Amino acid sequence: MMMWTEQGKHWTFPVDNQRDLAGEENVSFHEHVFLEKHLHGFSKKHNIPHFMELVTVGLSKNPYISVERKIQTINWFRDYFKEKEQLKVIGA
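None of these values were measured; they are calculated from a predicted model.

1. Digging into the nonpolar core
Working step 1: In this structure, Leu35, Phe42, Ile48, Met52, Val55, Leu59, Ile74, Phe77 and Phe81 together form the largest nonpolar core, which totals nine residues.
Working step 2: Leave out the neighbours within four places in its chain, and Phe81 touches Phe42, Ile48, Phe51 and Met52.

This is the structure:
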């Protein structure tokens, strides 16, 4: 059991619910929840703004993802939609 504890497979006692916060201890609560400020640069066509609003709501409710990862996800969607828009223009 001692080896499992050292490998991180077993909880150390007393239990500390803040032990796996590596890098998130200085991040404020509002940065996890209010992600709308990162929605700049999306196309206003079709249902993309509504879809991205739903994505940010889903991300804001997930406490297991870091703020950095949430912003990376939003940026991935931005790049994806820009790429698809360019392919549509080229194919038209």
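Here the narrative resumes.
2. Considerations on helix 3 (residues 48-60)
Working step 1: Taking 1.5 Å as the rise per residue, helix 3 with 13 residues should run 18 Å; its terminal C-alpha atoms sit 18 Å apart, in good agreement.
Working step 2: Within the sequence span of helix 3, burial applies to Ile48, Met52, Val55, Thr56, Leu59 and Ser60. Looking down the long axis of helix 3, one finds its buried residues gathered within 130 degrees of arc, a one-sided arrangement.

3. Comments concerning the side chain of Ser60
Working step 1: Relative to the helices and strands, Ser60 resides in helix 3.
Working step 2: Residues contacting Ser60, with those up to four places away along its chain left out, are His32, Val33, Leu35 and Lys70.

Rules used throughout
- Residues numbered from 1 in each chain as written.
- Predicted model: local features only at pLDDT ≥ 70, side-chain atom pairs only at ≥ 80, totals over all residues.
- Heavy atoms only, no water.
- Core = buried A, V, L, I, M, F, W, Y, C linked by side-chain atoms within 4.5 Å.
- Buried < 20%, exposed > 50% of the residue type's maximum accessible area, 1.4 Å probe, protein only.
- Contact = heavy atoms within 4.5 Å.
- Helix = DSSP H or I, 4+ residues; strand = E, 2+ residues; numbered from the N terminus.
- Expected span 1.5 Å × (residues − 1).
- Arc of directions from axis to C-beta.

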